[in-house]
Amino acid sequence: MSKYSQKKFDAVALFSGGLDSILAIKIIQDQGLRVLGLHFVSPFFGQPGKLDQWEKSYGIPLMAVDVSAPFAKMLCKGPGYGLGKILNPCVDCKILMLSRAKKMLKDFGASFIVSGEVLGQRPMSQRKDALNIIMRDSEVNNILVRALSARHLPPTDPEKKGLVNREKLGAISGRGRKEQLEMARNYNIKPVPTPAGGCLLTEKESAKRYLPVFKHKKNPEPADFYLANIGRQLWNNGHWLCIGRDKFDNARLMELAGKNDYLFNIVLFPGPLGLGRPINNIKWLPDIIESACQLVSRFSPKARQSNRQIEIMVQKGEKREEILVWPGQFEQPAQWEEPVWDRESVKTLFPADQHLSHAMAGINGDHS
Ligand code: SF4
């Protein structure tokens, strides 16, 4: 439950933490209107841990909105408007966020939505299609105030009704940042966020981690994608092993461990934690468990240098057993492979991607 659950606002806004979303809200707040910023969170985007800091820095009431489940569902089903350059379903993502924002209006007595999109920030031939589709499918046509570019766009309901003074809205267009930076100075916005790219789905390095999850798991859940974000990812014929790289990864793996997962802990030597997640509830056979133990032990220098067999505690639910391995003998994890980015796999996994929708072609993530 949010601390703002019982409060009333005039508008809700999409708040990514980027400069454009801050400015859009500032423009509306400046007119004496109350705006609640909605910060959407999923395994692929969102920094809910920063909300308090942002609230203090920018004077904007903020609330985290977890869209992990519907987002994962949309992605697994195959986004209706296809993918951008990597795995980013930006059009479907924005439709999802705006639809959720629209549903939330009544909870706060609000009547319109604010966003920080800037007209023409992307090539128009692509953006115009996408913007129209987003508006149409999320049914926010008359209630979405794009505060930074509003005077280039037709008046919306709150402007027509006089709730929002159109003359005080922005008329920014294009890709430059000059006007935004000047506005940031005028609003005394500190710190000015550095331009962010898109979410984890827009980067090959992070997106490649999700490919085996899509490939092997029937209905991946948000918890699977959160797990794919952590540590070293290794796959062996549908067996999924995650190995922590540091104590933060190890702690996160402990948090994410489910009752069917295997935990691999090196006994007596410092080293990483391993987490094995059976896919589609298929139990791991002893040889897979042993090779996972060997693999985990490879990442403990002290265990390798010990020149002796070491014990790995393997835990699954209440069950525990110790397995002995020779860490030094296992030089190359032949069967275990790290995910690689592979466009062909994407085409197989997301057939719609073969005929990228015109709206999505070339979009490399737009997070405003
Ligand atoms: S880049 Fe932004 S709009 Fe695109 S999918 Fe990621 S969060 Fe959604």
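Residues numbered from 1 in each chain as written. Predicted model: local features only at pLDDT ≥ 70, side-chain atom pairs only at ≥ 80, totals over all residues. Heavy atoms only, no water.

Q: Would you explain the sheet that holds strand β9 (residues 273-277) in this entry?
A: Whether parallel or antiparallel, the strands of a sheet pair through hydrogen bonds between backbone atoms. Read across the sheet, 6 strands follow the order β6-β7-β9-β8-β10-β11 without closing on themselves; strand pairing throughout is antiparallel. One side of each edge strand has no neighbouring strand; the edge strands of this open sheet are β6 (232-236) and β11 (319-325). Strand after strand, the sheet turns through a mean of 20 degrees between neighbouring axes, direction not considered. Where β6 and strand β7 (residues 239-243) come together, 5 bridges link them in antiparallel fashion. Of the residues in β7, the one forming a bridge with Asn-236 is His-239. Against the sheet, helix α11 (residues 247-256) touches β7, β8 (262-266) and β9, its axis set at about 35 degrees to β9. (Pairing = 2+ DSSP bridges. Helix = DSSP H or I, 4+ residues; strand = E, 2+ residues; numbered from the N terminus. Axes fitted to C-alpha atoms, helices over the stretch in contact; angles between N-to-C directions. Contact = heavy atoms within 4.5 Å.)

Q: Explain the pattern of salt bridges here, please?
A: A pair can form between side chains of opposite charge whenever their charged atoms are brought close. Applying the stated criterion across every chain, the model contains 15 salt bridges. Between Lys-347 and Glu-344 there is a salt bridge, with the nearest N and O atoms lying 3.9 Å from each other. Of the two residues, Lys-347 and Glu-344 both sit in helix α14 (residues 343-349), 3 residues apart, roughly one turn of that helix. Note on Lys-347: relative accessible area 30%, which makes it partly exposed. Through salt bridges with shared partners, a single ionic network connects Lys-217, Asp-224, Asp-261 and Arg-277. (Salt bridge = Lys/Arg side-chain N within 4 Å of Asp/Glu carboxyl O. Buried < 20%, exposed > 50% of the residue type's maximum accessible area, 1.4 Å probe, protein only.)

Q: Got a minute to help me understand the side chain of Glu-117 in this structure?
A: Mapped onto the fold, Glu-117 is located in the loop between β4 (112-115) and α5 (124-138). Here the side chain of Glu-117 touches Ser-115 through a polar contact of 3.0 Å, side chain to side chain. A distance of 2.7 Å separates polar atoms of two side chains, one belonging to Glu-117 and the other to Arg-146. (Polar contact = N/O pair within 3.5 Å; in protein donor to acceptor, adjacent residues only side chain to side chain.)

Q: Would you mind showing me how to read the sheet that holds strand β1 (residues 11-14) here?
A: In spatial order, the strands read β3-β2-β1-β4-β5; together these 5 strands make up an open sheet with parallel pairing. Edge positions in the sheet fall to β3 (62-66) and β5 (144-146), since each has one partner strand and no second. On average, each strand axis in the sheet is tilted by 30 degrees relative to the strand beside it, whichever way the strands run.

Function cannot be read off these values alone, since they describe shape.
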